[in-house]
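Chain by chain, the residues run as shown.
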Amino acid sequence: MEFGLNKSTDGDITLKPVYTSPTVVSLLSDPVWQLVDFVMYVPVLGVLSFLGIVANIVNIMVFLKQELGRPVTLSLLALCVAHLGASLALFWESFLYNPYLQKSAIPVRVDALIYLTAALPSAVFYRNSTLIHVYITLERCLCIAMPLKIKEIFTPNQSITTMAGIYLLSTLSILPMYLSGYLELSINPTTNTTVYVRVRYDNAVYLETIGLYLSALCILLPYVLEIFLTICIIWQLHIKSKWRNKMAAATNSTSLKERKLVKMVVFITSLFICFSFFTCFNFLQGLIKHFLAEDVTRLGSVQLFQFPWSVVLVFEQLLHSVNLLIFYNMSANYKLVFRQIFHMQVFLSDKTI
């Protein structure tokens, strides 16, 4: 049984049971649900997030060795930093989800610890990566549409400023969730120990509503923009295909390099669009439940809410884990630097991107 705080008007604090409504109907029996929940959050998410940590550390090493004067390199470096942060947060969440840790005598309730130190930070880094994806796709789209002016529009300093602004915006967008509650000592009767629990302020619903609006701005709008920009890139490539075939031989190598980079960006953004669909769907589901004030503990909707999010996190970490393979197979310059770092024999042509 879970316990939450019930704060009376005279300041006394008592514990009240949560999720004990007699109308709750579980889609899975408790033992089966606990097993599914454990498998998704501990071994599966733990392994994938660890692979994501390793892959993005390698990516950061490779991009730092490349020419940082190129805006696209700076953007990809910032993207890998966001992926690394999300993988670290979810690896920590996977560790906290361990049932043995939840039964231990730590002085903080595990659900509050997960929410404050894992779930919210991972949301920040996910929003970073979403907005950076949009920026990279926009840069590639304008590179095709206005190739002669692209260096004037996207400069290294402008890219650094934009990346810093994205990180700041994502951090500010999650602050209402942090400010909606506070930690307070309470007695847990199940273990007869004093632990810190998270208590919501009286005006928490207003702060959480603001947080949801900001979340919609940082999650749904970039997703729509990403789809629109990707379609624009594909359409522009189709329109300009005949023109590219008539280019001079001296320009052909540059064209080939740009096309390889565009293909890599389109492939990465396509994967991002596919995997982020589940995130947007679950976010919309939670948004509707919030505004309809629906009790998520009824009719088995705890499972319907929590299990899809575990699937979303698994897909997210799967994408973060395989991006190294995508960069390695689709960017000759990445492959060259990667092999130099790890002292591998290089068999590459001079045509690198």
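Above this text is the structure in question.
Undergrad: Would you mind going over a nonpolar patch on the surface in detail, with residue names and values included?
TA: The grouping of Val-47, Phe-50, Leu-51, Val-54 and Phe-91 at the surface amounts to a nonpolar patch, some 430 Å² of accessible area in total. Looking at where Phe-91 falls in the secondary structure, it is placed in helix 2 (residues 71-96).

Undergrad: Could you give an account of the packing of helix 2 against helix 6 (residues 156-179), naming the residues involved and the relevant values?
TA: Running from N to C, helix 2 and helix 6 cross one another at 20°; their axes reach a closest spacing of 9 Å. As summarised for this structure, helix 2 and helix 6 are arranged roughly parallel, according to the angle between their axes. Of the two elements, helix 2 crosses helix 6, and the hand of that crossing is right-handed. In this structure, helix 2 uses Pro-71, Leu-74, Ser-75, Ala-78, Val-81 and Ala-82 to contact helix 6, whose residues at the interface are Pro-156, Ser-159, Ile-160, Met-163 and Tyr-167. Taken together, the residues that form the contact of helix 2 with helix 6 break down as nine nonpolar, two polar and no charged.

Undergrad: Describe the environment of Val-262, listing the residues and the values that go with them.
TA: Mapping Val-262 onto the fold places it in helix 9 (residues 249-291). We classify Val-262 as buried; its relative accessible area is 3%. Separated by 29 residues in sequence, Val-262 and Ile-233 have C-alpha atoms that sit 8.2 Å apart. With near-sequence residues (within four places) excluded, Val-262 lies in contact with Arg-140, Ile-144, Ile-233 and Leu-237.

Undergrad: Residues and numbers for the nonpolar core, please.
TA: Within the largest apolar cluster, 33 residues are counted, with the highest numbers of intra-cluster contacts made by Val-62, Phe-63, Leu-76, Ile-132, Phe-327, Tyr-334 and Phe-338. For this core, the elements supplying multiple residues, two or more each, are helix 1 (30-65), helix 2, helix 4 (110-145), helix 6, helix 9, helix 10 (301-330) and helix 11 (332-341). At seven residues, helix 2 tops the list of elements feeding residues into this core. In this structure, Leu-76 is in contact with Phe-63, Ile-136, Met-264 and Phe-327, ignoring residues within four places of it in sequence.

Undergrad: How would you sum up the packing of helix 2 against helix 4? Please name residues and give values.
TA: Helix-helix packing is described using two parameters, namely the angle between the two axes and the distance between the axes. Direction vectors running N to C along helix 2 and helix 4 enclose 160°, while the axes themselves pass 8 Å from each other. By the angle between their directions, the pair helix 2 and helix 4 is classed as roughly antiparallel. Handedness of the helix 2/helix 4 crossing: left-handed. When the residues that make up the contact of helix 2 with helix 4 are grouped by side-chain class, the tally is 20 nonpolar, eight polar and two charged.

Undergrad: Lay out the packing of aromatic side chains in plain terms, naming residues and giving numbers.
TA: Counted according to the given criterion, the structure contains eleven aromatic pairs. Each ring, one from Tyr-41 and one from Tyr-97, has its centre 4.2 Å from the other, and the planes form 5°; the classification is stacked. Remark: Tyr-97 occurs in the loop between helix 2 and helix 3 (99-102) and Tyr-41 occurs in helix 1; sequence separation between them is 56 residues. By relative accessible area, Tyr-41 is classed as buried at 5%. The class for Tyr-97 is buried, based on a relative accessible area of 15%. Relative to Phe-338, the ring of Tyr-328 has its centre 5.2 Å away and its plane inclined at 75°; by these criteria the two rings are edge-to-face. Here Tyr-328 is found in helix 10, whereas its partner Phe-338 is found in helix 11, with ten residues between them in sequence. What links up through ring pairs into an aromatic cluster is the set Phe-63, Phe-327, Tyr-328, Tyr-334, Phe-338 and Phe-342.

Rules and cut-offs
Residues numbered from 1 in each chain as written. Predicted model: local features only at pLDDT ≥ 70, side-chain atom pairs only at ≥ 80, totals over all residues. Heavy atoms only, no water. Patch = residues over 30% accessible without salt bridge, like charges linked within 9 Å, V, L, I, M, F, W, Y side chains within 5 Å. Areas by Shrake-Rupley, 256 points an atom, 1.4 Å probe, with all protein chains shown as cover. Salt bridge = Lys/Arg side-chain N within 4 Å of Asp/Glu carboxyl O. Helix = DSSP H or I, 4+ residues; strand = E, 2+ residues; numbered from the N terminus. Axes fitted to C-alpha atoms, helices over the stretch in contact; angles between N-to-C directions. Parallel < 35°, antiparallel > 145°, perpendicular 65-115°, else oblique. Left-handed = near helix turned anticlockwise from the far one by under 90°. Contact = heavy atoms within 4.5 Å. Nonpolar A, V, L, I, M, F, W, Y, C, P; charged D, E, K, R; others polar. Buried < 20%, exposed > 50% of the residue type's maximum accessible area, 1.4 Å probe, protein only. Core = buried A, V, L, I, M, F, W, Y, C linked by side-chain atoms within 4.5 Å. Phe/Tyr/Trp six-rings, centres within 6.5 Å; stacked < 30°, edge-to-face > 60°.

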